[in-house]
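Summary of the model geometry
One-letter residues, chain by chain:
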Amino acid sequence: MAEYLVAGGRPLHGCLTIQGAKNAALPLLAAALLPPESRIARCPRLRDTEAAAAILRSLGCRVRREGDSVLVDARPAGGWEISEGWMREMRSSIIFLGAILTRFGRARVSYPGGCELGPRPIDLHLMALRRLGAVIREDHGTLECTVPGGRLSGAEVVLPFPSVGATQNTLIAAALAAGRTVLRGGAREPEIDDLAAFLNAAGARIRRESGGEFVIDGVEALHPVEHRVIPDRIAAVTYLCCCAAAGGEIELWDCLPDQFAAALPCLEAAGCRLRRYQDALRLTAPERLSAMGWIKTLPYPGFPTDAQAPVMAVAAIGSGTTVFTETIFESRFRHAAELARMGADIRTEGRVAIVTGVPALHGAPVVSTDLRGGAALVVAALAAAGESRIGGISHIERGYEELDHCLQALGADITRSEPYEKEEKDRARPAEGDAAEKKAPPPGPQPALLPDVHRHRGGGGADPLADGVL
Ligand code: UD1
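Since we're looking at a predicted model, the values are computed, not measured. (Residues numbered from 1 in each chain as written. Predicted model: local features only at pLDDT ≥ 70, side-chain atom pairs only at ≥ 80, totals over all residues.)

Focus: the overall build of the protein chain
Check the secondary structure of the protein chain and you find 15 helices and 24 strands. Sequence-distant contacts in the protein chain: of pairs separated by 6 or more residues, those separated by 24 or more amount to 73%. (Helix = DSSP H or I, 4+ residues; strand = E, 2+ residues; numbered from the N terminus. Contact = placed C-beta atoms within 7 Å.)

Things to note about the site of the ligand
Close to the ligand lie 19 residues, the nearest being Asn23, Leu124, Ser163, Val164 and Gly165. Residues belonging to the shell around the ligand are distributed by class as follows: nine nonpolar, six polar and four charged. Residues from two domains meet in the shell around the ligand; each of domain 1 (4-19 + 232-456) and domain 2 (22-228) gives at least three. (Near = placed C-beta within 6 Å. Nonpolar A, V, L, I, M, F, W, Y, C, P; charged D, E, K, R; others polar. Domains from an automatic or database assignment.)

Here we look at the sheet that holds strand β13 (residues 225-228)
Taking strand neighbours across the sheet as the criterion, the four strands line up as β4-β5-β3-β13 in an open arrangement whose pairing is mixed. Sheet topology places β4 (62-66) and β13 at the edges, where each strand pairs with a single neighbour. When strand polarity is set aside, the average angle formed by the axes of neighbouring strands in this sheet is 15°. (Pairing = 2+ DSSP bridges. Axes fitted to C-alpha atoms, helices over the stretch in contact; angles between N-to-C directions.)

Concerning the sheet that holds strand β12 (residues 214-217)
Each strand in a sheet pairs with another by means of backbone hydrogen bonds, the pair being arranged parallel or else antiparallel. Within the open sheet, the four strands sit side by side as β9-β10-β12-β11. Their pairing is mixed. The open sheet terminates on both sides in strands that have one partner only, identified here as β9 (156-158) and β11 (205-208). On average, adjacent strands in this sheet sit at an angle of 15° to one another, irrespective of strand direction. Pairing of β11 with β12, which is carried by four bridges, proceeds in the antiparallel orientation. Residue Arg207 lies in a different strand from β12, and its bridge partner there is Val215. The strands that helix α6 (residues 164-175) touches are β9, β10 (180-184), β11 and β12; relative to β12, the one it contacts most, it runs at about 25°.

Observations regarding the packing of helix α8 (residues 233-246) against helix α12 (residues 371-383)
It is at 7 Å that the axes of α8 and α12 come closest, and there the two elements cross at 25°. Relative to α12, α8 is oriented roughly parallel. Where α8 crosses over α12, the two elements pack in a sense that is right-handed. For the pair formed by α8 and α12, the contact residues are Thr238, Cys241, Cys242, Ala245 and Ala246 on the first element and Ala375, Val378, Val379, Ala380, Leu382 and Ala383 on the second. Taken together, the residues of the contact of α8 with α12 break down into ten nonpolar, one polar and no charged. (Parallel < 35°, antiparallel > 145°, perpendicular 65-115°, else oblique. Left-handed = near helix turned anticlockwise from the far one by under 90°.)

Quick look at the nonpolar core
Soluble globular proteins: nonpolar side chains tend toward being buried together. Counting 80 residues, the largest nonpolar core has Ala244, Ala245 and Ala380 as its most contacted members. Top element by residues in this core is α8. It accounts for twelve residues. Beyond its immediate sequence surroundings of up to four residues, Ala244 is in contact with Leu267, Ala270, Cys272, Leu283, Ala285, Leu289 and Val314. Core analysis: the second largest hydrophobic core is formed by 74 residues, Val70, Ala107, Ala196 and Phe214 among them. (Core = buried A, V, L, I, M, F, W, Y, C linked by C-beta atoms within 7 Å. Buried ≥ 20, exposed ≤ 12 C-beta atoms within 10 Å, placed from the backbone.)

Considerations on the packing of helix α1 (residues 22-31) against helix α7 (residues 190-201)
It is at 9 Å that the axes of α1 and α7 come closest, and there the two elements cross at 30°. It follows that α1 is roughly parallel to α7 by the angle criterion. For the element pair α1 and α7, the recorded crossing hand is right-handed. Where α1 approaches α7, its residues Asn23, Ala24, Pro27, Leu28 and Ala31 are matched on the opposing element by Glu191, Asp194, Leu195, Phe198 and Leu199.

Observations concerning α12
Across its 13 residues, α12 extends 19 Å between first and last C-alpha, which sits within 8% of the 18 Å expected from 1.5 Å per residue. In terms of residue burial, α12 counts as a mostly covered element, since 13 of its 13 residues are buried. (Expected span 1.5 Å × (residues − 1).)

Quick notes on unusual backbone geometry
In this model, Tyr300 is joined to Pro301 through a cis peptide bond whose omega is 15°. Looking at the element boundaries, Pro301 is found in the loop between β17 (293-296) and α10 (305-315). You will see that Glu402, though not glycine, has its phi angle at about 50°, which is positive. Locating Glu402 in the fold gives a position in the loop between α13 (393-396) and α14 (403-409).

A short note on α1
Among the ten residues in α1, ten count as buried, and that is most of the element. Looking at α1, one finds that the buried residues are Lys22, Asn23, Ala24, Ala25, Leu26, Pro27, Leu28, Leu29, Ala30 and Ala31. In this fold, the buried residues of α1 make contact with β3 (37-41), α2 (47-58), α4 (96-104), α6, α7 and β13.

Here we look at the pairing of strand β22 (residues 387-391)
By the alternation rule, side chains of β22 split into Ser388 and Ile390, which are all buried, and Glu387, Arg389 and Gly391, of which none is buried. Two strands pair when backbone bridges link them, and strand β21 (residues 365-367) and β22 are joined in this way by three bridges, in the parallel orientation. Its bridge partner being in β22, Val367 is matched across the sheet by Gly391. Taken together, β21, α12 and β22 form a β-α-β motif whose crossover is right-handed. (Right-handed = clockwise from strand over helix to strand, strands pointing away.)

The values are spatial; any link to function lies outside them.
Right, here's the structure in full:
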């Protein structure tokens with residue numbers, strides 16, 4: 001299994017173009033089952049987007065990549081079942097349920113797979129779909145779903161907690177339901193707005209009222225659509241954390257700082273200097289990091305739970321105590337034990353972690369236990385004295401596009417133990433033709449803001465690879 005080898009202690013310098021948002025791209029790919037054709041630009045090349053494309057193919061869609069875009073032709077689709085393998089591979093495969101039910105009036109899926117962040121029930125997804133008229137029978141881990149009459153019906157749906165996934169499933173299902181749906185208590189994450197924008201561009205009629213509720217007037221059919229995925233706000237925060245911890249000065253391009261504004265005061269409290277532009281942001285790391293006070297994860301626009309782990313790695317270095325309260329997931333501190341192997345002083349109890357900064361971390365062999373926890377280990381390893389070996393990077397590659405190449409471009413000493421191509425061949429794949437194309441991106445044009453730096457990841461352009469390869 002591939003690992004990252006990191007020699008820490010090198011400050012970062014340069015500019016980085018931020019990838020498209022994984023958490024926006026995944027629901028878009030699920031929703032792409034509904035318009036006849038979709039072109040999804042800035043779709044990141046990730047294990048999870050590969051998995052979503054493979055699910056679409058397993059349902060009969062034609063999916064191919066062209067430059068930074070993924071093209072989905074949903075016209076030939078006929079399947080209404082997602083195999084247990086895919087349901088286990090990616091928890092967010094449950095987002096396909098609303099789309100399959102809408103398209104085919106029936107669906108068979110299993111419960112999404114085992115969990116790394118504590119229990120992740122899907123009761124809110126099922127409640128919302130039932131409100132829209134789905135009949136769902138749970139039978140030994142399989143969900144047998146039908147829509148009497150073949151078409152869902154608009155209804156009032158009230159979510160007691162603003163679940164991101166349940167909101168997405170509801171929007172997708174309501175877009176083509178008969179009549180009006182009013183969704184109260186839905187999530188407000190930027191990825192939700194991106195999904196609504198995609199569906200509206202395909203002819204749906206979704207709007208959010210000033211009170212926050214969604215009003216969705218169901219339409220008869222959607223038309224072909226082109227859409228560009230929003231930049232990944234969590235990847236942006238992660239790279240900022242890398243620089244804060246390792247030192248130096250970096251600039252993020254094509255990011256929307258307003259969408260991760262809640263994380264910025266923490267980095268400023270740590271001593272980082274930030275300069276914001278409309279779609280770019282520069283961070284200058286301090287000589288020595290300070291504590292960040294109390295950080296509590298909350299639904300958007302609060303501090304994102306996905307940023308908790310990378311920010312914790314920053315809090316582990318420097319002076320003073322930072323307290324984290326995790327309110328979204330029950331078990332999201334597994335990275336703390338791995339950070340402790342690198343010398344971090346972190347005590348956890350239930351949903352609270354108390355981090356006492358130490359003057360320096362040291363390199364160590366560590367293992368990623370989940371996507372963002374793995375990113376935290378990279379942040380720490382970049383700052384640590386000596387070498388670190390980070391295992392379990394398949395978790396990291398679920399959400400970060402060529403993290404190693406991006407950091408190398410900023411001057412980090414990080415290598416992946418296996419070439420990407422070998423990994424792809426070795427990996428047993430549930431479906432044919434989904435190998436990720438991994439390329440060393442060429443340096444692009446010089447940036448506008450920082451002198452003497454290079455930009456990582458050039459623009460799109462036609463992909464030389466054959467059709468069918470994502
Ligand atoms: C999405 C993101 C994930 C992020 C999370 C919270 C994707 C692919 N993933 O996950 O990165 O960390 O939002 O911002 O977009 N819950 C229930 N019942 C349900 C659904 C959720 O109790 O039916 C609970 C969950 O157990 C969890 C909380 O609600 O404790 C938040 O979950 P949710 O907002 O649904 O997160 P995801 O959509 O799974």
